[in-house]
Amino acid sequence: DRPSTIKRYRKNGRYAAGYRQLEYLLTNKICASNQHLQRLTGGGAWVLRPCYSRAFGAQQQETTEYLKDGWEGGWEERFMKKMLYSQSHCDLACMRALPKNLTDSMGMVSRVEEELNLWKERNDYNINASTGEGLLIVDLCGGKGLTGLCLSEMLPEARIVVIDSRKPNPNEKHLSEEYLARETNMSRLTGTIFDDKLLSQIPSWVPEGGSCLLIGTHLCGILAKHAMSIFEHYDEIKCLIVAPCCLPRAAPHWERKHSDLVRPGEGWAWGCDTTVQARERNVDPYEYWVDRLLDSAVARDKRVVVDPEMLSEKNRFILLNK
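Note on numbering: residues in each chain are counted from 1, in written sequence order. Thresholds applied to this predicted model are a pLDDT of at least 70 for local features of residues and 80 or more for the giving and counting of side-chain atom pairs; totals over whole chains, interfaces and linings are not thresholded and use all residues. Side-chain figures throughout are based on the complete set of non-hydrogen atoms in the structure, without hydrogens or water.

**Some points on the overall build of the chain**
- Only DSSP runs of H or I covering at least 4 residues are called helices, and only runs of E covering at least 2 are called strands; the numbering of each starts at the N terminus. Broken down by element type, the chain carries 15 helices and nine strands.
- When the 322 residues of the chain are sorted by exposure, 52% land in the buried category. Only protein chains enter the area calculation, which uses a 1.4 Å probe; residues under 20% of their type maximum are buried, those over 50% are exposed, and those in between are partly exposed.

Written as structure tokens, this is what we have:
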């Protein structure tokens, strides 16, 4: 029942012939040219052809040895082993637009890594930057949990909490409570970014004497702005790293569709004129939206980081520190 590669794999209770998206990725030259994918895959089959060629045809008993020679990849190697061989990761390995999703996740992982190193240099908070001891990371709108699983491998002693409005489907075995409790230091909760009852538990999740880092990758529209509100509201959250995505839509449409989520004084109207203002200023609407979010933030230190290695055009991160 283990997902195979060149032979057949199981998905949705059926067998399908051919490669998974993961194998297409590993045999693509982009694994050697893109820094995020090169780090995660070791360069793929173009750099580690003997390792991956053996992996594609390996039997079950060989799975723990397939990258023994030629690559010492640390947590990245462990993650790739699970993607290649673990039945629980089959849904991720078959994910559409896998290269883009991996670079999105690795972009966030890189920002977290950089921020923890800065904390270590400044001796700001009582956490271990190498293992994540004393650290809570809350991933808003975490989707399939790809970013959370990467962070779980990189920071084995941190606590990772992924929040998303969608419940996991049965094929997403990597998100089952049993798997997460047994194999990871990550948990996934179902709820929206506006769920005050859920978010009010954040202070209780923080390890004693530790700190919280709030992240969100490609938060659509006003969700990026609301993530900033959460950052400002809870003292335990010391840092926010958010990658905004699409611009807010027209207020009447969203107010009708999400009337239960609109708050007094914080409706969908804020930011909905971004496109108009960007055109008047003859600037890129997305860049203007990011700058507008940054200007509205209340933080001791705030900056924007552009990640050219992400395969998405929405490749800007806003970083806020208290």
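**Some points on the layout of surface pockets**
- Approximately 340 Å³ is the volume found for the second largest pocket.
- A pocket here means an open set of points on a 1 Å grid, computed over the protein atoms alone, that has protein on both sides within 12 Å along at least five of seven lines. A cavity is instead a set of points where a 1.4 Å probe fits but cannot get out; residues with an atom within 4 Å of a point line either one. Looking at the second largest pocket, it is lined by 17 residues, and the ones nearest its centre are Asn101, Cys141, Gly142, Gly143 and Lys144.
- Of all the elements in the fold, those that place two or more residues in the lining of the second largest pocket are helix H7 (98-122), helix H8 (146-154) and strand S6 (211-219).
- At four residues, the largest contribution of residues to the lining of the second largest pocket is made by H7. Grid points are joined across faces, edges and corners, and a volume is the space filled by probe spheres set on the points.

**Side note on the nonpolar core**
- Among the buried residues, those of types Ala, Val, Leu, Ile, Met, Phe, Trp, Tyr and Cys that are joined through side-chain atoms within 4.5 Å form a nonpolar core. Formed by 50 residues in total, the largest nonpolar core has its most connected members in Val112 and Leu213.
- Per element, the largest residue contribution to this core is eight residues, and it comes from H7.
- Residues are treated as being in contact if the distance between any of their heavy atoms lies within 4.5 Å. Dropping the residues within four chain positions of it, Leu213 is found in contact with Val112, Leu116, Trp119, Leu135, Leu136, Ile137, Val138, Cys239 and Ile241.
- Counting residues in each nonpolar core, the second largest holds 34 residues, with Val161, Ile193, Leu199 and Ile237 among its members.

**Description of the sheet that holds strand S4 (residues 159-164)**
- Strands pair, by our definition, only if DSSP identifies at least two bridges between them. The seven strands are arranged S5-S4-S3-S6-S7-S9-S8 in an open sheet whose pairing can be described as mixed. Only two strands of the sheet have a single neighbouring strand rather than two, namely strand S5 (186-190) and strand S8 (301-306). For this sheet, the mean inter-axis angle between neighbouring strands, taken without regard to orientation, is 15°.
- Pairing analysis gives four bridges linking strand S7 (residues 237-244) to strand S9 (residues 316-321), with the strands arranged antiparallel. By the bridge assignment for S9, Ile241 is matched with Leu319.
- Helix H12 (residues 223-233) rests against strand S3 (135-140), S6, S7 and S9 of the sheet, and its axis sits at about 175° to S7. Note on geometry: axes are lines fitted to C-alpha atoms, helical ones only across the stretch in contact, with angles between N-to-C directions running from 0 to 180 degrees.

**Quick notes on the confidence of the model for the chain**
- Within a predicted model, pLDDT stands for the predictor's per-residue confidence, ranging from 0 to 100. For the chain, per-residue confidence averages 82 on the pLDDT scale, and residues scoring 70 or more make up 79% of the total.
- Predicted confidence is poor over residues 1-18, with pLDDT under 50, and the contacts of this stretch with residues over four places away or in other chains come to 44 contacts.
- Here residues 57-70 scores under 50 on pLDDT; set against residues more than four positions off or in separate chains, the count is 21 contacts.

**Details of the packing of H7 against H8**
- Look at H7 against H8: their axes get within 9 Å of each other, and the N-to-C directions meet at 45°. When the axes of H7 and H8 are compared, the pair comes out oblique. Handedness of the H7/H8 crossing: right-handed. In this structure, H7 uses Asn101, Leu102, Ser105, Met108, Val109, Val112 and Glu113 to contact H8, whose residues at the interface are Leu146, Thr147, Cys150, Leu151 and Met154.
- For this classification, the nonpolar set comprises Ala, Val, Leu, Ile, Met, Phe, Trp, Tyr, Cys and Pro, the charged set comprises Asp, Glu, Lys and Arg, and every other residue, Gly included, is treated as polar. Grouping the amino acids of the contact of H7 with H8 by side-chain chemistry returns eight nonpolar, three polar and one charged. Roughly parallel covers angles under 35 degrees, roughly antiparallel covers those over 145, roughly perpendicular covers 65 to 115, and oblique covers all other angles. Left-handed describes a crossing whose near helix is turned anticlockwise from the far helix by less than a right angle; the clockwise case is right-handed.

**Quick word on the pattern of salt bridges**
- We count a salt bridge whenever a side-chain nitrogen from Lys or Arg sits within 4 Å of a carboxyl oxygen from Asp or Glu. On inspection of all chains with the given rule, the structure shows 17 salt bridges.
- The shortest N-O distance in the salt bridge between Arg78 and Glu153 comes to 3.2 Å. One end of the pair, Arg78, is in helix H5 (residues 75-85); the other, Glu153, is in helix H8, with 75 residues separating them in the sequence.
- Where Asp307 meets Arg111, a salt bridge forms, and the shortest distance between an N and an O atom there is 2.9 Å. Taken together, the residues Asp307 in the loop between S8 and S9 and Arg111 in helix H7 connect sequence positions 196 residues apart.
- Asp307 gets classed as buried once you look at its relative accessible area, which sits at 4%.
- One connected set of salt bridges, linked through shared partners, spans Asp91, Lys144, Arg166 and Glu172.

**Some details on the pairing of S4**
- Most of S4 sits out of view: five of its six residues are buried.
- One ladder, built from five bridges, connects S3 with S4; its direction is parallel. Among the inter-strand pairings, Leu140 is bridged to a residue of S4, identified as Ile163.
- One crossover worth recording links S3 to the parallel S4 by way of H8, and it is right-handed. When the strands point away from the viewer, a crossover counts as right-handed if the route from the first strand across the helix to the second turns clockwise.

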